[in-house]
Amino acid sequence: MTLGRPTKLTDEIRKQAQEYDDGGWQFIDGHNIPSVVGLARVLKVSKKTLYNWGNSDDDFLHTLESINSEQEFTALNRALVGDYVAPIAKLVLANHDYSDKVQQDNISSDGSFSFSWED
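Conventions and cut-offs
Residues numbered from 1 in each chain as written. Predicted model: local features only at pLDDT ≥ 70, side-chain atom pairs only at ≥ 80, totals over all residues. Heavy atoms only, no water. Helix = DSSP H or I, 4+ residues; strand = E, 2+ residues; numbered from the N terminus. Buried < 20%, exposed > 50% of the residue type's maximum accessible area, 1.4 Å probe, protein only. Contact = heavy atoms within 4.5 Å. Areas by Shrake-Rupley, 256 points an atom, 1.4 Å probe, with all protein chains shown as cover. Core = buried A, V, L, I, M, F, W, Y, C linked by side-chain atoms within 4.5 Å. Expected span 1.5 Å × (residues − 1). Polar contact = N/O pair within 3.5 Å; in protein donor to acceptor, adjacent residues only side chain to side chain. Phe/Tyr/Trp six-rings, centres within 6.5 Å; stacked < 30°, edge-to-face > 60°. Salt bridge = Lys/Arg side-chain N within 4 Å of Asp/Glu carboxyl O.

1. Comments concerning the overall build of the chain
Working step 1: Looking only at helices and strands, the chain has five helices and zero strands in total.
Working step 2: What you see in the chain, going N to C, is helices and strands ordered as α-α-α-α-α.
Working step 3: Looking at the chain as a whole, 27% of its 119 residues qualify as buried.
Working step 4: Sequence separation of 24 or more characterises 46% of the internal contacts of the chain that already satisfy a separation of 6 or more.
Working step 5: Accessible area for the chain stands at about 9400 Å²; split by element, carbon and sulfur atoms hold 50% of it.

2. Comments concerning the side chain of Gln-71
Working step 1: Along the chain, the position of Gln-71 falls in helix H4 (residues 58-80).
Working step 2: Here Gln-71 is in contact with Ile-33, Pro-34, Ser-35, Val-92 and His-96, once residues within four sequence places are set aside.

3. A word on the nonpolar core
Working step 1: The biggest cluster of nonpolar side chains holds 14 residues, and the ones touching the most others in it are Ile-13, Leu-39, Leu-43, Leu-50, Trp-53, Phe-60 and Leu-64.
Working step 2: Listed by contribution, the elements that provide at least two residues to this core are helix H1 (11-21), helix H2 (36-43), helix H3 (47-56) and H4.
Working step 3: Among the elements that line this core, the one with the most residues is H2, at four residues.
Working step 4: For Trp-53, the contacting residues outside a window of four places in its chain are Thr-7, Lys-8, Leu-9, Ile-13, Leu-43, Val-45 and Phe-60.
Working step 5: Residues Ala-75, Ala-89, Val-92 and Leu-93 belong to the second largest nonpolar core, which totals six residues.

4. Observations regarding H4
Working step 1: In this model, H4 (23 residues) spans 33 Å end to end at C-alpha, consistent with the 33 Å of a helix rising 1.5 Å per residue.
Working step 2: What H4 keeps buried is the set Phe-60, Thr-63, Leu-64, Ile-67, Gln-71, Thr-74 and Ala-75.
Working step 3: Contact partners of the buried residues in H4: H1, H2, H3 and helix H5 (86-94).
Working step 4: Near the N-terminus of H4, the side chain that reaches the backbone nitrogen of Asp-59, with its oxygen 3.1 Å away, is that of Asp-57.
Working step 5: Positioned one or two residues after H4, Gly-82 has a phi angle of 85 degrees, which is positive.

5. Looking at H2
Working step 1: Considered for burial, the residues of H2 that qualify are Val-36, Gly-38, Leu-39, Ala-40 and Leu-43.
Working step 2: Buried residues in H2 make contact with H1, H3 and H4.
Working step 3: Downstream of H2 by a residue or two, Lys-44 has a phi angle that is positive, lying close to 60 degrees.

6. Considerations on the packing of aromatic side chains
Working step 1: Counted by the stated rule, this structure contains one aromatic pair.
Working step 2: Ring centres 5.6 Å apart and planes at 85 degrees place the aromatic pair Trp-53 and Phe-60 in the edge-to-face group.

7. Examining the pattern of salt bridges
Working step 1: A complete count under the given rule lists two salt bridges for this structure.
Working step 2: As a salt-bridge pair, Asp-11 and Arg-14 come within 3.4 Å of each other at their nearest N and O atoms. One end of the pair is Asp-11 and the other is Arg-14, both in helix H1 and three residues apart, which spans about a single turn.
Working step 3: A relative accessible area of 63% places Asp-11 in the exposed class.
Working step 4: In this structure Arg-14 comes out as partly exposed when scored by relative accessible area, which is 29%.
Working step 5: Connected through shared salt-bridge partners, Asp-11, Arg-14 and Asp-57 make up one network.

These figures capture arrangement, not role.
Have a look at this one:
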């Protein structure tokens, strides 16, 4: 017995999501990069609804993950050729674990060299 409201995830919604993921996002006015929020706008549902569908449907989850991968690929490549302004590209890529942080320490990575502050 299933509790709660029945899902509104239909074959038509799956098809629309797959079309968006397959490059359809490029032909929608205002969609300069694929995104889950962009898909939510196309389907007229919330991001939360999309993630709920993904949690209960492996195929739909794969589509959401594919959209995120395409977003990362598109942002990186378009930033490299100057199609995206650096601060926006940096913001998008930060969501995909890219960082420009530099960390320095006084110990070598293998531990063979370290500083001593003795007099």
